[in-house]
Amino acid sequence: GWFFTYNEAVYRSSDTGRIWQPCPSSPPGAEGITGMVVDTGGNIIYVSVLASIFRSTNRGVAWQATALGGHPISALNILTDGTVVASSYPNWFAGIDTVFLSSDQGATWTTSLMPTDAGVIHDSRRTGAVFSVGLDGMSRSSDRGVTWTKVTSLPRKPDEYLNCLEINQHGDVFAGGEKVYRSRD
């Protein structure tokens, strides 16, 4: 199935997007949904709501809070091994951002400091590869966010805020701000 969020609800489609129906329920606080990701089998939905992450294991019929709370989440992703990755909104006062990882469907989480302040996305073609973009540009990690290296080859203006990131099926990395940038390596 396919899923998306709109107007305080999670919607699903079982016919490749022709007809959409709201899920039987929405996670608590659905008016503040900041991200959603679905596992490759389409069975587990993760939704970040304000400062919590909720999980549904039955296609949106019921929702359970994961163990991660108190952290406003800006992006969610799932690595090829099933690890859930959540990036926090920046803590401007402390000057840090955090990546949270869970390999047990949200029962426990580990943390890693993130060098940028927007979203995190994984590269399904490279095991452990994670990218992050924000005001500081782009960074990459080859060890699931434990350590980070700044990408210096990105031809952006020094003050250009990168706020979106995507990787296509060929492994091309796209980063967007005032312009869209592409890297094939």
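This structure is a prediction, so every number in the text was calculated from the model and none was measured. Numbers given to residues run from 1 along each chain, matching the order in which its sequence is written. Only residues with pLDDT of 70 or above have their local features reported here, since the model is predicted, and side-chain atom pairs are shown and tallied only from 80 upward, although totals for entire chains, interfaces and linings are computed over all residues. Side-chain descriptors were evaluated using all non-hydrogen atoms of the structure, hydrogens and water having been removed beforehand.

(A) Looking closely at the sheet that holds strand β6 (residues 52-56). Between any two strands, at least two bridges found by DSSP are needed for them to pair. Strands here mean DSSP runs of E at least two residues long; helices mean DSSP runs of H or I at least four residues long; both are numbered from the N terminus. An order of β4-β5-β6-β7 is seen for the 4 strands of this open sheet, with the pairing classed as antiparallel. For this open sheet the edge positions go to β4 (33-38) and β7 (64-69), each flanked by a neighbour on one side alone. Strand-to-strand twist across the sheet, computed as the mean angle between neighbouring axes with direction ignored, equals 25 degrees. The sheet contact formed by β4 and strand β5 (residues 45-49) spans 5 bridges and is antiparallel. Residue pairing for β5: M36 is matched across the bridge by V47. Fitted lines through C-alpha atoms give the axes, limited to the stretch in contact for helices. The angle between two N-to-C directions lies from 0 to 180 degrees.

(B) Layout of the environment of L76. Along the polypeptide, L76 turns up in strand β8 (residues 73-78). L76 gets classed as buried once you look at its relative accessible area, which sits at 10%. Beyond its immediate stretch of four places on either side in the chain, L76 contacts G35, M36, V37, Y46, V47, S48, I53, V85 and A86. Relative accessible area decides the class of each residue, using a 1.4 Å probe on protein chains only: under 20% of the type maximum gives buried, over 50% gives exposed, and in between gives partly exposed. The contact criterion used throughout is that any non-hydrogen atoms of two residues lie within 4.5 Å.

(C) Expanded view of the side chain of D15. Structurally, the position occupied by D15 is in the loop between β2 (9-13) and β3 (21-22). The charge count includes Lys and Arg as positive and Asp and Glu as negative, but it does not include His or the ends of the chains. Criterion for a salt bridge: a side-chain nitrogen of Lys or Arg within 4 Å of a carboxyl oxygen of Asp or Glu. For the buried D15, which has no salt bridge, the nearest side chain bearing the opposite charge is R18, at an N-O separation of 4.1 Å. Here a polar contact is recorded for every N or O atom pair within 3.5 Å, except that within protein the pair must consist of a potential hydrogen donor and a potential acceptor, and residues adjacent in sequence are included only if both atoms are side-chain atoms. In this structure the side chain of D15 is engaged in a polar contact, spanning 2.7 Å, whose partner is the side chain of S13.

(D) Fine view of unusual backbone geometry. Positive phi outside glycine occurs at R59, with the angle close to 60 degrees. Relative to the helices and strands, R59 resides in the loop between β6 and β7. The class for R59 is partly exposed, based on a relative accessible area of 26%. Within the chain, Q105 stands out as a residue other than glycine whose phi angle is a positive 60 degrees. Here Q105 is to be found in the loop between β10 (97-102) and β11 (110-114).

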